[in-house]
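# Examining the three-dimensional arrangement
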Amino acid sequence: MYPTDLTDDQWKRIRHHFEYSNGYGNRAIHTRPTLVNAILHLVKTGCQWRMLPPSLPPWKTVYGYFRHLPQKGI
C-alpha cells in the first residue's frame, strides 16, 4: 500500500467512470483500482513508467490502460 492509493470509499465514488465492457468478458489479470493506483503513483511521484515499483502491475500494462482511458471519455 502506498500513500497515493485510493481508499475503498474513494474508489466507490469514482469507479463508475472506469466501468466499461470491451465485449470480451472480464479477462483482466489486474483490477481496475490497482491500475488506477499505479497511475496515481506515477503522477504523484513523477517516476518514469519503467520505474514503477514491482508491487504494482507491469509498466506496459499500466501504460496500455492509461492510453485507452481517453477513448473511454476519461
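Use the structure listed above.
A few points on the structure. Please read all numbers here as calculations on a predicted model, not as lab measurements.

## Let's talk about the nonpolar core
Phe18, Val36, Val62 and Tyr65 are the most contacted members of the largest nonpolar core, which totals 13 residues. Elements that contribute at least two residues to this core include exactly α2 (32–45) and α3 (59–68). When residues in this core are grouped by element, the largest group, five residues, is from α2.

## Quick look at the pattern of salt bridges
On inspection of all chains with the given rule, the structure shows one salt bridge. Across the pair Arg13 and Asp9 runs a salt bridge whose closest N-O atoms are separated by 3.3 Å. Taken together, the residues span about one helical turn, with Arg13 and Asp9 both in helix α1 (residues 8–14) at a distance of four residues.

## Describing the packing of aromatic side chains
Per the counting criterion, the structure on display carries three aromatic pairs. When the centroid spacing of 5.0 Å and the interplanar angle of 80° are considered together, the rings of Trp49 and Tyr63 count as edge-to-face. Placement of Trp49 in the loop between α2 and α3 and of Tyr63 in helix α3 is noted, with a sequence separation of 14 residues between them. On the basis of relative accessible area, Trp49 is assigned to the partly exposed category, the value being 24%. Given the relative accessible area of 32%, Tyr63 is considered partly exposed. Through a chain of ring-to-ring contacts, the aromatic side chains of Trp49, Tyr63 and Phe66 assemble into a single cluster.

Rules of the game
- Residues numbered from 1 in each chain as written.
- Predicted model: local features only at pLDDT ≥ 70, side-chain atom pairs only at ≥ 80, totals over all residues.
- Heavy atoms only, no water.
- Core = buried A, V, L, I, M, F, W, Y, C linked by side-chain atoms within 4.5 Å.
- Buried < 20%, exposed > 50% of the residue type's maximum accessible area, 1.4 Å probe, protein only.
- Helix = DSSP H or I, 4+ residues; strand = E, 2+ residues; numbered from the N terminus.
- Salt bridge = Lys/Arg side-chain N within 4 Å of Asp/Glu carboxyl O.
- Phe/Tyr/Trp six-rings, centres within 6.5 Å; stacked < 30°, edge-to-face > 60°.

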